[in-house]
Amino acid sequence: MRVNDLLAEGFGRLPDLVREAVDGLSAEQLHWAPKPGANSIGWLVWHLTRVQDDHITDLLDGAQQLWVTGDFAAKFGLKAQAGDSGYGHDADQVDAVRPESAEALLEYFDAVHARTRSFLAHLKDDDLDRIVDERWDPPVSLGVRLVSILDDDVQHAGQAAYVRGLLPR
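Rules used throughout
Starting from 1, residues in each chain are numbered consecutively following that chain's sequence as written. With the structure being a predicted model, the display of local features is reserved for residues of pLDDT at least 70 and the display and counting of side-chain atom pairs for 80 or more, all residues being used for whole-chain, interface and lining totals. Side-chain measures here rest on the full set of heavy atoms in the structure, leaving out hydrogens and waters. A helix here means a DSSP run of H or I that spans at least four residues, while a strand means a run of E at least two residues long, and both kinds are numbered starting from the N terminus. Relative accessibility thresholds used throughout: buried, under 20% of the residue-type maximum; exposed, over 50%; partly exposed, between the two (1.4 Å probe, protein chains only). The contact criterion used throughout is that any non-hydrogen atoms of two residues lie within 4.5 Å. Take the residue count of a helix, subtract one, and multiply by 1.5 Å to get its expected span. Pairing of aromatic rings covers Phe, Tyr and Trp, the last through its six-membered ring, and needs centres within 6.5 Å; plane angles under 30 degrees mean stacked, over 60 mean edge-to-face, and all others mean tilted. Each axis is a line fitted through C-alpha atoms, taken for helices only over the stretch in contact, and angles between the N-to-C directions span 0 to 180 degrees. Oblique is the label for every angle not falling under 35 degrees (roughly parallel), over 145 degrees (roughly antiparallel), or within 65 to 115 degrees (roughly perpendicular). Two helices cross in a left-handed way if the nearer one is turned anticlockwise from the farther one by less than a right angle. They cross in a right-handed way if the turn is clockwise. Amino acids are sorted into nonpolar (Ala, Val, Leu, Ile, Met, Phe, Trp, Tyr, Cys and Pro), charged (Asp, Glu, Lys and Arg) and polar (every other residue, Gly among them).

Engineer: Account for the environment of Ala160, with residues named and values stated.
Structural biologist: Here Ala160 lies in helix H8 (residues 142-166). Judged by relative accessible area, which is 0%, Ala160 ranks as buried. Here the alpha-carbon distance between Ala160 and Glu134, two residues 26 residues apart in the chain, equals 32 Å. Ignoring sequence-local partners within four residues, the contact set of Ala160 consists of Ala21, Ile41, Leu44 and Val45.

Right under this line is the structure:
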């Protein structure tokens, strides 16, 4: 198995996890949180998608985030700001993320996931050693960045599934 196939397998598991977390939920259920200030299912799935969109776009020469170039933000009650991926959100900012439907979440996720799949399909093993972020010590390689994105996304998908299990019946 080539490394890009391995990464594609890992990222390829996300669509099912995301769909299981949001399928059939209303806008109110997507916005529900287990306690004030906690993350909702809608915020968690929006955030994992924003992180993937932001980080994969950074790896593409001259590309812009799909969040910024598409019409997704309006379906979440937000502005299309490239720098807003949810990192550091306070309770009010979390509360402001209000996807209009599960379909809105899935439409954005699917677009980002398709871009990620395309990026992974063209990777060569040697590409993974390329340094993509020198702000860290040690500097971050492409391989480390991709594992970081996948790890973050899987954790948030699991959190969304957990919150779904807490939804009032």
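On we go from here.
Engineer: Provide a residue-level description of helix H4 (residues 41-59), including the pertinent values.
Structural biologist: Relative to the 27 Å expected for 19 residues at 1.5 Å per residue, H4 spans 27 Å between its end C-alpha atoms, a close match to the ideal helical length. H4 sits mainly inside the fold: 18 of its 19 residues count as buried.

Engineer: I'd like a rundown of the environment of Lys79, residues and numbers included.
Structural biologist: Inspection of the secondary structure puts Lys79 in the loop between helix H5 (66-69) and helix H6 (91-96). The sequence separation of Lys79 and His47 amounts to 32 residues, and the corresponding C-alpha distance is 14 Å. Excluding residues within four positions of it along the chain, Lys79 makes contact with Trp67 and Ala73.

Engineer: An account of the packing of aromatic side chains is requested, with residue identities and associated values reported.
Structural biologist: Applying the stated criterion across every chain yields a total of 6 aromatic pairs. Here Trp43 and Trp46 contribute two aromatic rings whose centre-to-centre distance is 6.3 Å and whose plane-to-plane angle is 50°, an arrangement assigned as tilted. Remark: Trp46 and Trp43 occur in helix H4; sequence separation between them is 3 residues, near one turn of the helix. On the accessibility criterion, Trp43 (5% relative accessible area) is buried. Relative to Tyr108, the ring of Trp67 lies with its centre 5.1 Å away and its plane at 50°, an arrangement referred to as tilted. Linking Trp67 in helix H5 with Tyr108 in helix H7 (residues 102-121), this pair joins segments that are 41 residues apart in sequence. No difference in accessibility class separates Trp67 from Tyr108, as the two residues are buried. Put simply, the rings of Trp43, Trp46, Trp67, Phe72, Phe76 and Tyr108 pair up and form one aromatic cluster.

Engineer: Provide a residue-level description of the packing of H4 against H7, including the pertinent values.
Structural biologist: With their axes 10 Å apart at the nearest point, H4 and H7 run at an angle of 30° to one another. Of the possible angle classes, the one that applies to H4 and H7 is roughly parallel. Relative to H7, H4 is oriented so that their crossing is left-handed. Between H4 and H7, the residues in contact are Gly42, Val45, Trp46, Leu48, Thr49, Arg50, Gln52, Asp53, Ile56, Thr57 and Leu59 and Leu105, Tyr108, Phe109, Val112, His113, Arg115, Thr116 and Phe119, respectively. The residue makeup of the contact of H4 with H7, split by class, is 10 nonpolar, 6 polar and 3 charged.

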